[in-house]
Amino acid sequence: MPITIPDNLPAAEFLEDENIFVMRGQRARTQDIRPLEILILNLMPKKMETEVQLLRLLSNSPLQINIDLMHTATHVSKNTPAEYLAHFYKTFDQVKHHKYDGLIITGAPVENLPFEEVDYWEELCALMDWAKKNVYSTLFICWGAQAGLYYHYGIQKYPLAKKISGIYTHRPVINNHPLLRGFDEIFYMPHSRYTEVRQADVEQNPDLQVLAVSDTAGLAITASRDARHFFIQGHTEYDRLTLAEEYIRDTKIGINPEIPENYYPGNSPKSIPIMYWRSHANLLFVNWLNYYVYQRTPYDITTIT
């Protein structure tokens, strides 16, 4: 089944080139079906790239999905034109009178700031508070996951001695959990962050479950026991070259970054990275959509509480 996106969104061309069935908004409005309603709060600097990455994963299921893209009104994007945001994105004021089956909150390059010093923190808190009664299940990614754990459960983030950047092995802790159904005993996920949430802190909260960990990258996937919140510390959505682009960017601005671990063949930035996390990324999103959005959300979306 197709994923439905706003008319003329540039991401459609990239997805159609990959033979992904994309339905434009006008055609979708003629379908006699109750599609899933998914809201994406895109906090990443390169919003167009993140759109493609997330829409690619959301499209890999038999479910029809309507997408609303959201940006923060209290932050001026330096990398995405205002005209683009005005045309394709909505603000919280524009979506708060709707209900959604699912919400995705992305990562953001603000890890080294205390949460309260992020310029859109109050707006993000308002969204997360609103989502308690207006969204059935929320998927938090990277900094978004740290922000969600802090806001909902008071769990702190901690600075790392050095940035975690690379592709790391992970193992499921709860093998029969539906979010990880079909996962191998070892799976891979990209990470790119300066801070961490500690597994011991999560395990002390009875409302949370640790689902997957990495011996190197630490806590990876956490779920609330009521299945309303899922926290992914890494970036399963990353493309083949996303870490490479970050490495080149940081090198150019003089940060002198370390080469992403387990990423370039021969550990040489001149090599083309091998993408070996795609299958589990697709499986993660399909499982979330199927088991925690489609099967649990009431057919009458207005009754979500």
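Below: a short report on this structure. Per chain, residue numbering runs from 1 following the sequence as it is written. Per-residue local features of the predicted model are confined to residues with pLDDT of at least 70, and side-chain atom pairs are confined, for both listing and counting, to 80 or more; whole-chain, interface and lining totals are unaffected and use all residues. Only hydrogens and water are removed before side-chain values are computed, so all heavy atoms of the structure are retained for them.

1. Regarding the environment of Val213
Piece 1. Counting through the fold element by element, Val213 comes out in strand S10 (residues 208-214).
Piece 2. Each C-alpha atom of the pair Val213 and Tyr276 lies 18 Å from the other, and the pair is 63 residues apart in sequence.
Piece 3. Pairs of residues are marked as contacts when any of their non-hydrogen atoms sit within 4.5 Å. Apart from the residues lying within four places of it in its own chain, the contact partners of Val213 are Thr169, His170, Arg171, Val173, Gln199, Gly218, Leu219 and Ala220. Only DSSP runs of H or I covering at least 4 residues are called helices, and only runs of E covering at least 2 are called strands; the numbering of each starts at the N terminus.

2. A few points about unusual backbone geometry
Piece 1. The backbone of Cys142 sits at a positive phi, close to 50 degrees, despite the residue not being glycine.
Piece 2. Topologically, Cys142 is positioned in the loop between strand S7 (135-141) and helix H7 (143-153).
Piece 3. Residue Asn262 is not a glycine yet carries a positive backbone phi of 55 degrees.
Piece 4. Tracing the backbone shows Asn262 in the loop between helix H9 (242-252) and helix H10 (278-294).

3. Concerning the pairing of strand S9 (residues 187-196)
Piece 1. In terms of residue burial, S9 counts as a mostly covered element, since 8 of its 10 residues are buried.
Piece 2. In this structure, strand S8 (residues 158-172) lies alongside S9, joined through 9 bridges in antiparallel fashion. When the bridges of S9 are listed, Tyr168 appears paired with Met189. Here's how the labels work: a residue is buried when its accessible area is under 20% of the maximum for its type, exposed when over 50%, partly exposed in between, all with a 1.4 Å probe on protein chains only. Whether two strands pair depends on DSSP finding at least two bridges between them.

4. Structural notes on the pattern of salt bridges
Piece 1. We define a salt bridge as a contact between a side-chain nitrogen of Lys or Arg and a carboxyl oxygen of Asp or Glu at a distance within 4 Å. Using the criterion set out here, one finds 9 salt bridges in the structure.
Piece 2. Among the ionic pairs, Lys132 bridges to Asp129, the shortest N-O distance being 3.6 Å. On the criterion of helical spacing, the pair formed by Lys132 and Asp129 is a turn pair, its members being 3 residues apart in helix H6 (residues 121-134).
Piece 3. When its relative accessible area of 41% is taken as the criterion, Lys132 is described as partly exposed.
Piece 4. A relative accessible area of 43% places Asp129 in the partly exposed class.
Piece 5. The partner of Arg171 in a salt bridge is Asp215, with the nearest N and O atoms 2.6 Å apart. Placement of the pair is Arg171 in strand S8 and Asp215 in the loop between S10 and strand S11 (218-224), with a sequence separation of 44 residues.
Piece 6. Residue Arg171 is classed as partly exposed on the basis of its relative accessible area of 37%.
Piece 7. Given the relative accessible area of 70%, Asp215 is considered exposed.
Piece 8. Linked by salt bridges that have partners in common, Lys163, Arg249 and Asp250 make up one network.

5. Thoughts on the layout of surface pockets
Piece 1. In this structure, the largest pocket occupies an estimated 1,100 Å³ of space.
Piece 2. Buriedness for pockets is judged along seven lines, at least five of which must meet protein on both sides within 12 Å for an open set on the 1 Å grid over protein atoms alone, while cavities are sets there where a 1.4 Å probe fits but cannot get out, and lining residues have an atom within 4 Å of a point. Around the largest pocket sit 41 residues that line it, and Pro45, Ala108, Pro109, Val110 and Arg249 are the ones nearest its centre.
Piece 3. Counting only elements with at least two residues in the lining of the largest pocket, the list comes to helix H3 (47-58), S9 and H9.
Piece 4. Broken down by element, the lining of the largest pocket gets its largest block of residues, 5 residues, from H9.
Piece 5. In this classification, the charged set is Asp, Glu, Lys and Arg, the nonpolar set is Ala, Val, Leu, Ile, Met, Phe, Trp, Tyr, Cys and Pro, and all remaining amino acids, among them Gly, are polar. Looking at the lining of the largest pocket, its residues break down into 16 nonpolar, 12 polar and 13 charged. Grid points are joined across faces, edges and corners, and a volume is the space filled by probe spheres set on the points.

6. Structural notes on the pairing of S10
Piece 1. The buried fraction of S10 amounts to 7 of the 7 residues, a majority that puts the element mostly inside the structure.
Piece 2. For S8 and S10, the ladder comprises 2 bridges, and the chain directions are antiparallel. Each residue of the ladder has a partner; that of Arg171, found in S10, is Val213.
Piece 3. From the end of S10 to the start of S11, which pair antiparallel, there are 3 residues.

7. So, the nonpolar core
Piece 1. The criterion is simple. A nonpolar core is a set of buried Ala, Val, Leu, Ile, Met, Phe, Trp, Tyr and Cys residues joined through side-chain atoms within 4.5 Å. Counting residues in hydrophobic clusters, the biggest one holds 40 residues, and the most contacted among them are Ile38, Ile40, Leu58, Ile104, Ile221 and Trp288.
Piece 2. With 7 residues, the single largest contributor to this core is H10.
Piece 3. Among residues more than four places away in sequence, those in contact with Ile38 are Ile65, Asn66, Ile67, Asp68, Tyr100, Gly102, Ile104, Trp288, Leu289 and Val293.
Piece 4. The next biggest cluster of nonpolar side chains, apart from the first, holds 37 residues, and it includes Trp130, Val135, Phe140 and Val210.

Purely geometric stuff here, so don't read any function into it on its own.
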